[in-house]
Amino acid sequence: MLKRTVYCGELRAAHEGREVVLCGWVHKTRDMGHLVFVDLRDREGLAQIVFQSDRPELVEEAKRLRNEFVVGVRGRVRRRSAANKDIPTGEVEVEAFELRIFAASKVPPFVIADPPQASEELRLKYRYLDLRRPKMQRHIRLRHEASLAVRNYMSRNGFLEIETPIMANPTPEGARDYLVPSRIYKGRFYALPQSPQQFKQTLMISGFDRYFQIVRCFRDEDLRADRQPEFTQIDIEMSFIEREEFFALNEGLMEAVFALTGRKLARPFPRLPYAEAMEKYGSDKPDLRVPLEIRDLTAIGRDGSSDVLKAAIAAGGELKGLLVPGAGTLSRGQLDKLGDKAKALGAKGLVWIKKQDGWKSSLKLADADFEKIWAALGGADADLALLVADKKATALKALGEIRRTWPMEESARRGRLEFCWVTDFPLFEWSEEEKRFVSMHHPFTSPHEDDMGLLETSPGKVRAKAYDLILNGVEVGGGSIRIHDMDLQRRVFRSLGLTDSETEEKFGYFLEALSFGAPPHGGIAFGFDRLVMLLAGEESIREVIPFPKTTSALDLMTGSPSAVSDRQLDDLGLKLK
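For the structure given in this document, a descriptive report is provided here. (Residues numbered from 1 in each chain as written. Predicted model: local features only at pLDDT ≥ 70, side-chain atom pairs only at ≥ 80, totals over all residues. Heavy atoms only, no water.)

## So, the overall build of the protein
Operational definition: We count a stretch as a helix when DSSP gives it H or I for four or more residues in a row; a strand needs E for two or more, and each element gets its number in order from the N terminus. Residue burial is assigned from relative accessible area. The probe radius is 1.4 Å, only protein chains are included, and a residue is buried under 20% of its type maximum, exposed over 50%, and partly exposed in between. For this analysis, residues touch if any pair of their heavy atoms sits within 4.5 Å. Here the accessible surface of atoms and residues is derived via Shrake-Rupley with a 1.4 Å probe, and residues count as covered only by protein chains that are part of the display.
For the protein, the count of helices and strands is 17 helices and 22 strands. When its C-alpha atoms are laid out on the principal axes, the protein stretches across 95 × 75 × 50 Å. Looking at the protein as a whole, 46% of its 577 residues qualify as buried. Counting contacts in the protein only where the partners sit at least 6 residues apart, residues at least 24 apart contribute 66% of the total. Here the protein displays about 28900 Å² of accessible surface, and carbon together with sulfur accounts for 51% of that area.

See the structure below:
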């Protein structure tokens, strides 16, 4: 058995003259008749192997090699006659003395190369082949390095990594849980955790004042393009903290993680109240690389000349405007597409205004109105104003999405990291489906002290001590200061419409635990997959997860989810409807 002495991608000029053993996969072969060149690949990169004519039997054996054969080679490192500057090992090659074929390979369904040579569906079906690509190898290594950086940073700051159960009670939002039937207690179920929320708070009550965990979580929710039914998060909880102290700790964590790619972060990160984020950017996860802000023009519309705007405002709407510098050259067709986009987002329409040899607009207005709008937005002759008059949430959503997706130079976006904390979220939001208030984050989030009196009378106005960390328009983490008082926790459950019996059934142990003395505490959970995606410069978390599922929650490689036998169902006391 040939035993590796060095990885292919580690060979350098300093190895010249040294005898080495390389092991890996055949990436490419070039048969020159009396010579055979083989590019051998392992997780560190490529190395060129030369099989020379003075060893004719070895040359003949090398001619049998095909892409993805697994081989070992013994040889001597020498300088190349012409260096290949495209790869780190390009100054040297290995003159082969011995070849061992460990395993042959069928012809792969696609070429193992970057960029990918196959559809994502085919790549996921043969994920074990796709993972051989150099970029995927780098991404999985980066994932390892990121988890190591997290563990080292948290340990240096006095945190203990503690595992919490994977099988626990279903949550109140039971439809989103993955349920696990009990064979022993037929008719009863465990649930896979959406988050270790109750357990990490219980650890605070237990006296473990600094906890973290890199943990798998599960959500059986309606799927979106970049969500996975199982995912990894960095879970953190801490006792006896002030919010600013906690923010500083987590900014230091981000600094440690992004240092892996040589990125330096400007600290402290900006703080942005939820209400301000929505008013300025139409989003609770604003991309601060985009230098556009939404302005309120309701007073101008109410007092202006347009019956259309007046009617929308009289019906409870507001007039919001967005100035796009230099976009006055957009064609009518391009503007119509923007209007269609606004309608697709729920708005009744989109008004545009240009200042080119007089006023041009999709809506007839008096010149005085144009002047007021232009002055309020700070417009110049080459600019474009976009207006939506509708319900406040609708207008902000439409302009916020247009703002978020406005074209910018890709290099300008990619080269910047714009973090911000969004704070003071509403504690509750109204669910049209359930016809009741539900938690915007989760029911263990503490209300703002100034809003305690509104819990029973105006729950929709209560602010939460909740915060999200946003990076370039992506939510990378979310958390809150928790409720540590049992009576306040009961009040919040009642505000959510839970009866005392439902509260006891679902949270009885936790409420009792609170009654034994709970410290003030708070925490956060970071989406580890998203962080690694941003570290790697990718746009999909599937590019940094070893074995992801599709957007429809299928595992194309293993064929799951799959049917089970009647015997298995019978053992569990289950029948299929």
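## A word on helix 9 (residues 307–314)
Selection rule: In the analysis that follows, any N or O atom pair within 3.5 Å is treated as a polar contact, provided that within protein one partner can donate a hydrogen and the other can accept it, and provided that, for residues neighboring in sequence, both atoms belong to side chains.
A distance of 3.3 Å separates the backbone nitrogen of Val308 from a side-chain oxygen at the start of helix 9, and that oxygen is part of Ser306. Once helix 9 ends, the next one or two residues include Gly316, with phi positive near 100 degrees.

## Let's talk about helix 4 (residues 134–156)
Worth spelling out the cut-off: Every helix has an expected span of 1.5 Å times one less than the residues it contains.
The end-to-end C-alpha distance of helix 4 is 33 Å, a good match for the 33 Å that 23 residues give at a rise of 1.5 Å each. Residues Met136, His139, Leu142, Arg143, Ala146, Ser147, Ala149, Val150, Tyr153 and Met154 constitute the buried set of helix 4. Packed against the buried residues of helix 4 are helix 3 (127–130), strand 9 (210–218), strand 10 (230–239), helix 6 (243–258) and helix 16 (528–536). With its phi angle positive at about 85 degrees, Gly158 sits one or two positions after the end of helix 4.

## Side note on the pairing of strand 2 (residues 36–42)
The condition that has to hold: DSSP calls a pair of strands paired once it identifies at least 2 bridges connecting them.
Counting buried residues in strand 2 gives seven out of seven residues, a clear majority hidden from the surface. Burial along strand 2 is two-sided: the residues Val36, Val38, Leu40 and Asp42 and Phe37, Asp39 and Arg41 are all buried. Pairing geometry for strand 1 (residues 19–31) and strand 2, over six bridges, is antiparallel. Each residue of the ladder has a partner; that of Lys28, found in strand 2, is Asp39.

## Digging into the pattern of salt bridges
Using the following cut-off: Just to be clear on terms, a salt bridge is a Lys or Arg side-chain nitrogen sitting within 4 Å of an Asp or Glu carboxyl oxygen.
In the structure shown here, the tally under the stated rule is 54 salt bridges. With its nearest N and O atoms 3.7 Å apart, the salt bridge here joins Arg55 to Glu95. With a gap of 40 residues between them, Arg55 in the loop between strand 3 (45–51) and helix 1 (56–62) and Glu95 in strand 5 (residues 92–103) connect regions that are remote in the sequence. Of the charged contacts, one joins Lys63 and Glu60 as a salt bridge, the two residues approaching to 3.9 Å between their closest N and O atoms. By relative accessible area, Lys63 is classed as partly exposed at 25%.

## Quick word on the pairing of strand 9
In terms of burial, strand 9 is a largely internal element, seven of the nine residues being buried. In the sheet, strand 6 (residues 160–161) pairs with strand 9 via two bridges, with the strands oriented parallel. Within strand 9, the residue paired with Glu161 across the bridge is Phe212.

## What about the sheet that holds strand 11 (residues 271–273)?
To keep things clear, this is the line we draw: Note on method: axes are straight lines fitted to C-alpha atoms, helices fitted across the in-contact stretch only, with angles between N-to-C directions ranging 0 to 180 degrees.
The strand order across the open sheet built from eight strands is 6-9-10-22-21-20-17-11, with neighbouring strands paired in mixed fashion. Taken across any chain shown, the strands that pair with only one partner, and hence form the sheet edges, are strand 6 and strand 11. Across five bridges, the pairing between strand 21 (residues 474–481) and strand 22 (residues 521–527) is antiparallel. Opposite Gly478, over in strand 22, you have Ala525 as the bridge partner. Seen against the sheet, helix 5 (residues 197–205) touches strand 9, strand 10 and strand 22 and runs at an angle of roughly 20 degrees to strand 10.

## Some details on unusual backbone geometry
In this structure, Pro268 follows Arg267 across a cis peptide bond, with omega equal to -5 degrees. Note on placement: Pro268 falls in the loop between helix 6 and strand 11. Between Ser560 and Pro561 the backbone carries a cis peptide bond, its omega angle lying at 0 degrees. Structurally, the position occupied by Pro561 is in the loop between helix 16 and helix 17 (566–572). A positive phi angle is found at Glu68, which is not glycine, with a value near 75 degrees. Mapped onto the fold, Glu68 is located in the loop between helix 1 and strand 4 (70–79).

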